[in-house]
Amino acid sequence: MGSSFGKLFRIHTYGESHGPALGVIIDGCPAGLEIDEAFIQSELDRRKPGQSKITTQRQEGDTFEILSGVFEGKSTGTPISILIRNQDQRSKDYSHIADKYRPSHADYTFQEKYGHRDYRGGGRSSARETAARVAAGAIAKLFLKHYGVSAQAYVSQVGGLKLDKPYTELDLSKTEDNIVRCPDATVAEQMIELIDETRKNRDTIGGIVTGVIKGTPVGLGEPVFDKLHAELGKAMLSINAVKGFEYGSGFEGVKLNGSDHNDAFYKDGDKVKTRTNLSGGIQGGISNGEDIYFNVAFKPVATIMKDQESVNEAGESITVSGKGRHDPCVVPRAVPIVDAMAALVIADYLLISRSNRL
């Protein structure tokens, strides 16, 4: 339950943080798509743990196996199954909390919902599950490339340290030039120092990932309940540790009058465009051909290396302290997850758009 996403370009993920493997089944990918395995691996490498001093030191190669749906390097139109084996599980790191509820984790809610839970790294609630999403997102990106559509994300804020430039003033090709994935080198260095300082203090810190989708055709999105921005919101809010989503002018837009917020149309050759883009490329829940941009807020990682008050399954007061390998800030590794989920949404709606009119 709750492990599937999408309507026509549909994925189903499976596996746990400390199980033998995790993976994804992609259903609905059209036949004939060239499957670039090197690209899929490069996307997984961007998300994998152990990349730098500001990420968890769990060592996972995140190498994948394609079990079905691909023949002679191309998709066959049948379900694509991708398997990623876990290699560096340390379940003993969690034995001390087998019957304890860690603050702000899913321990209590999973126990109450199911009456039985995998306490090793959070089991199904672990962010390790997102490796499967990134693999599926890589397939979606290969599909979108045929339509000239791209989805890219970057870190725009860590704690109170914010990159005060819109994406239009940034060179997003520089996002991968540093370990925090901020395209501004000066701000990136400050973010790295802040995260490292937080790590040394045995604490964690949150941040914001900004996503940008370029090349989206006009007409993606369905009226009423399946608006494009609603699906993007669902996609982003389904990612571990996400606490907020906004697109276009977002919450800042409430400060403007309608006369300042409206995006005026004009004709540019044979295309209709807008002079501003406070709508974030979506109007009436349907893409208008402009760039789609949005922000995703991530909370500080819940596992901290400090003593915290809690209770155990018997309801007794206890003290819980983090143990093992954890990210001091999740946003650098969340970047490929955000653009993967964005790619999955747009791929799905591109397929749906084929059925909208003759």
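1. Section: helix α1 (residues 37-47)
When α1 is considered as a whole, its buried residues turn out to be Ile40, Gln41, Glu43, Leu44, Arg46 and Arg47. Considering only its buried residues, α1 is in contact with β4 (64-68), β7 (80-85), α3 (130-145) and α7 (331-353). Put simply, Asp36 is the residue that caps the front of α1, since its side-chain oxygen is 3.1 Å from the backbone nitrogen of Ala38.

2. Examining unusual backbone geometry
You will see that Val224, though not glycine, has its phi angle at about 70°, which is positive. Looking at the element boundaries, Val224 is found in the loop between β10 (207-214) and α5 (228-237). Owing to a relative accessible area of 53%, Val224 belongs among the exposed residues under this scheme. At Ala241, a position not held by glycine, the phi torsion is positive, near 75°. Looking at where Ala241 falls in the secondary structure, it is placed in the loop between α5 and β11 (242-247). With relative accessibility at 24%, the residue Ala241 sits in the partly exposed group.

3. Things to note about the sheet that holds strand β2 (residues 10-15)
Pairing is antiparallel in the open sheet, where five strands are placed in the order β1-β2-β3-β7-β4. Both edges of this open sheet fall to β1 (4-5) and β4, since each of them pairs with a single strand only. Bridging between strand β3 (residues 21-27) and β7 involves six bridges; their strand directions are antiparallel. Bridge pairing in β7 places Gly23 opposite Leu83. Running at roughly 35° to β3, α3 makes contact with β2, β3 and β7 of the sheet.

4. Describing the packing of α3 against α7
Look at α3 against α7: their axes get within 8 Å of each other, and the N-to-C directions meet at 50°. Compared by their axis directions, α3 and α7 come out oblique. Note that α3 runs across α7; the crossing there is left-handed. On α7, the residues touching Thr130, Arg133, Val134, Ala136, Gly137, Ala140, Lys141, Phe143 and Leu144 of α3 are Pro336, Ile337, Asp339, Ala340, Met341, Ala343, Leu344, Ile346, Ala347, Leu350 and Leu351. Among the residues making up the contact of α3 with α7, the classes are represented as 15 nonpolar, two polar and three charged.

5. Here we look at the side chain of Thr210
Mapped onto the secondary structure, Thr210 falls in strand β10. There is a polar contact of 2.7 Å between the side chain of Thr210 and the side chain of Asn295. Thr210 has contacts with Gln152, Ala153, Tyr154, Ser156, Phe294 and Asn295, leaving out every residue within four places of it along the chain.

6. With respect to the packing of aromatic side chains
Scanning the entire structure with this criterion turns up six aromatic pairs. Between the aromatic rings of Tyr167 and Tyr293, the centroid separation amounts to 5.4 Å while the plane-to-plane angle is 40°, which identifies the pairing as tilted. Of this pair, Tyr167 sits in the loop between β9 (161-162) and α4 (185-200) while Tyr293 sits in strand β16 (residues 292-298); the two residues are 126 residues apart in sequence, bridging distant segments of the chain. Pair check on accessibility: Tyr167 and Tyr293 agree, each one buried. Relative to Phe294, the ring of Phe245 has its centre 5.7 Å away and its plane inclined at 40°; by these criteria the two rings are tilted. Of this pair, Phe245 sits in strand β11 while Phe294 sits in strand β16, and the two are 49 residues apart along the sequence. We note that Phe245, like Phe294, is buried. One residue, Arg275, lies across the ring of Tyr266, its end atom 4.3 Å from the ring centre.

7. Thoughts on the sheet that holds β10
If you trace the five strands from one edge of the open sheet to the other, you get β9-β8-β10-β16-β11, paired in antiparallel fashion. The two strands at the open ends of the sheet, each matched to only one other strand, are β9 and β11. Alignment of strand β8 (residues 150-158) against β9, held across two bridges, turns out to be antiparallel. By the bridge assignment for β9, Val158 is matched with Leu161.

8. Things to note about the environment of Ala342
Here Ala342 lies in helix α7. By relative accessible area, Ala342 is classed as buried at 2%. For the pair Ala342 and Ala153, spaced 189 residues apart in sequence, the C-alpha to C-alpha distance is 9.2 Å. Filtering out sequence-adjacent residues up to four positions away, Ala342 remains in contact with Ala151, Ile213, Leu232, Met236 and Phe294.

What counts as what
Residues numbered from 1 in each chain as written. Predicted model: local features only at pLDDT ≥ 70, side-chain atom pairs only at ≥ 80, totals over all residues. Heavy atoms only, no water. Buried < 20%, exposed > 50% of the residue type's maximum accessible area, 1.4 Å probe, protein only. Helix = DSSP H or I, 4+ residues; strand = E, 2+ residues; numbered from the N terminus. Contact = heavy atoms within 4.5 Å. Polar contact = N/O pair within 3.5 Å; in protein donor to acceptor, adjacent residues only side chain to side chain. Pairing = 2+ DSSP bridges. Axes fitted to C-alpha atoms, helices over the stretch in contact; angles between N-to-C directions. Parallel < 35°, antiparallel > 145°, perpendicular 65-115°, else oblique. Left-handed = near helix turned anticlockwise from the far one by under 90°. Nonpolar A, V, L, I, M, F, W, Y, C, P; charged D, E, K, R; others polar. Phe/Tyr/Trp six-rings, centres within 6.5 Å; stacked < 30°, edge-to-face > 60°. Lys NZ or Arg CZ within 6 Å of the ring centre and 35° of its normal.

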